[in-house]
Amino acid sequence: MRFRHPDGSIVHLAYCTNVHPAETLDGVLAQLRDHCEPVRRRLGRDRLGIGLWLAKDAAHALVTDPSALRGLRTELDRRGLEVVTLNGFPYEGFGAEEVKYRVYKPDWADPERLDHTSALARVLAGLLPDDVAEGTISTLPLAWRTAYDDERAETARTALRTLAQRLDAIEELTGRSIRVGLEPEPGCVVETTRDAIAPLTAIAHDRIGICVDTCHLATSFEDPDTALDALTEARVPVVKSQLSAALHAEHPHLPEVREALSAFAEPRFLHQTRTATAAGLRATDDLDEALGGHALPDGAPWRAHFHVPLHAAPAAPLTSTLPVLRTALTRLVGGPAPLTRHLEVETYTWQALPPELRPRGRSQLAEGIAAELTLARDLLTDLGLKELP
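Anyway, here's the lowdown on the structure attached to this text. Model, not experiment: these values are computed from the prediction.

Procedures and definitions
- Residues numbered from 1 in each chain as written.
- Predicted model: local features only at pLDDT ≥ 70, side-chain atom pairs only at ≥ 80, totals over all residues.
- Heavy atoms only, no water.
- Helix = DSSP H or I, 4+ residues; strand = E, 2+ residues; numbered from the N terminus.
- Rg over C-alpha atoms; globule rule 2.2 N^0.38 Å.
- Buried < 20%, exposed > 50% of the residue type's maximum accessible area, 1.4 Å probe, protein only.
- Contact = heavy atoms within 4.5 Å.
- Areas by Shrake-Rupley, 256 points an atom, 1.4 Å probe, with all protein chains shown as cover.
- Lys, Arg positive; Asp, Glu negative; His and termini not counted.
- Charge placed at Lys NZ, Arg CZ, Asp CG, Glu CD.
- Pairing = 2+ DSSP bridges.
- Axes fitted to C-alpha atoms, helices over the stretch in contact; angles between N-to-C directions.
- Left-handed = near helix turned anticlockwise from the far one by under 90°.
- Expected span 1.5 Å × (residues − 1).
- Arc of directions from axis to C-beta.

1. With respect to the overall build of the protein chain
Next, step 1: What the protein chain contains, in helices and strands, is 12 helices and 15 strands.
Next, step 2: On C-alpha atoms alone, the protein chain measures out to a radius of gyration of 20 Å, which is about the 21 Å that the 2.2 N^0.38 rule sets for 389 residues.
Next, step 3: For the protein chain, the C-alpha atoms occupy an extent of roughly 60 × 50 × 45 Å along the three principal directions.
Next, step 4: Within the span of the protein chain, comprising 389 residues, buried residues form 59% of the whole.
Next, step 5: Partitioning the intrachain contacts of the protein chain with sequence separation of at least 6 by distance along the chain shows that 79% fall at a separation of at least 24.
Next, step 6: Carbon and sulfur atoms form 50% of the exposed surface of the protein chain, whose accessible area is close to 15300 Å².
Next, step 7: Of the side chains in the protein chain, 42 bear a positive and 56 a negative charge, and the two mean positions are spaced by 5 Å.

2. Observations concerning the environment of His 205
Next, step 1: Looking at the secondary structure, you find His 205 in the loop between α6 (193-203) and β7 (208-213).
Next, step 2: Along the backbone, His 205 and Val 236 are 31 residues apart, and their C-alpha atoms lie at a distance of 9.2 Å.
Next, step 3: When neighbours within four sequence positions are excluded, His 205 is seen to be in contact with Ala 164 and Asp 168.

3. Overview of the sheet that holds strand β9 (residues 245-249)
Next, step 1: Taken in spatial order, the five strands make up an open sheet running β11-β10-β12-β9-β13, and their pairing is antiparallel. Bordering the open sheet on either side are β11 (280-284) and β13 (318-320), each of which pairs with just one other strand. Taken over all neighbouring pairs, the strand axes of this sheet differ in orientation by 30 degrees on average, direction set aside.
Next, step 2: Bridge count between strand β10 (residues 273-277) and strand β12 (residues 302-308): three bridges; the pairing is antiparallel. Its bridge partner being in β12, Arg 274 is matched across the sheet by Arg 303.

4. As for the pairing of β11
Next, step 1: Relative to β11, β10 runs antiparallel, the two being bridged by five bridges. Residue pairing for β11: Thr 277 is matched across the bridge by Gly 280.
Next, step 2: If you look at the hairpin formed by β10 and β11, you'll find two residues sitting between the two strands.

5. What about the packing of helix α8 (residues 224-233) against helix α11 (residues 322-333)?
Next, step 1: At a closest axis distance of 9 Å, the pairing of α8 and α11 adopts a crossing angle of 35 degrees. Crossing geometry of α8 relative to α11 is assigned as right-handed. In this structure, α8 uses Pro 224, Asp 225, Leu 228, Asp 229 and Thr 232 to contact α11, whose residues at the interface are Val 324, Thr 327, Ala 328, Arg 331 and Leu 332.

6. Some details on helix α3 (residues 66-78)
Next, step 1: Over its 13 residues, α3 runs 18 Å from end to end, which matches the ideal 18 Å to within 8%, given 1.5 Å per residue.
Next, step 2: Looking at α3, one finds that the buried residues are Ala 68, Leu 69, Leu 72, Arg 73, Glu 75 and Leu 76. Take α3 and look down its axis: the buried residues cluster within an arc of 160 degrees, on one side only. In α3, the exposed positions that point more than 90 degrees away from the buried face belong to Pro 66, Arg 70, Thr 74 and Arg 78.
Next, step 3: Turning to α3, the residues buried within the fold contact α1 (25-43), β3 (48-53), α2 (56-64), β4 (81-87) and α4 (111-127).
Next, step 4: Among the residues trailing α3, Gly 80 stands out with phi positive, at a value near 70 degrees.

Okay, here's the thing in structure tokens:
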């Protein structure tokens, strides 16, 4: 979906396909047929943007076989789909029964991460629509915080500098500019936008910036205006933003609230949980850890890293952090010029919701994703952007 900003530039809105498990190119092609095109049809649009997730095997197949890449581009066109951004965070196995800490491997101190991201950049340059010259990729925020020492930190910085050089070369060869954004996430070396400033200014290359995920921003109790002010002052580019909402519990000391939260403590994904205290953030790596004892004080609200559907906040006594998304979006694209032109709805946890909230089959999932995109569209038009055909 495309929107014209009042300054004349084009803002792209997509939804991320990491909600649909696929490890191979054949799986990706099936996604387009079984999920992405049905979402487009429900929205009644001739064209729909998707934020494509390509696991390592699919990316390898595309980067080593030009005919496969042309075939994917043809299939996108045939189904009324376009790609301007990729989700390069998960490397493989994102559809596994248990993902948890595995999603943070390989990290930016491992050569595989550089090779994979370089491959994604080459693929994206070949997938961009003819009238689009810039693509973006979101990636792991360096590493999970444990086992990350000074030596691995320097290795990661060197890898990102090498990536920037490769992105320069891609533009020289193709005329397409690809930028990569570190995506701050609770528990990682770069947990907050503030954490991103030092490593990104050390790299000092405008092709390497930040991806602002509004669920992660909210989970860490960051104020969107303060965070984006700091990034602007530090000249850190907001490469893209993922529109998402976290799980919010206003009164976690109440038994009924803990019971409601327990329904979201599931075995597949990590749901880092935070609360803000006078002494700073208190944290657990997962929701069940927070619920299991006294790891978190319960005198103030809790937020958990659980991407809940944008258009359907959990029932009371829980809610979502959609207000944080609204504030962030206002700052990102509501000013005289957009801070980023690539927006991506990223609710990958539909099948991890409590059983009664999960979609029953492809049709209900498509309806839910379409409803999220409709909400995002309405937020953008309310900010003065004009939806384009």
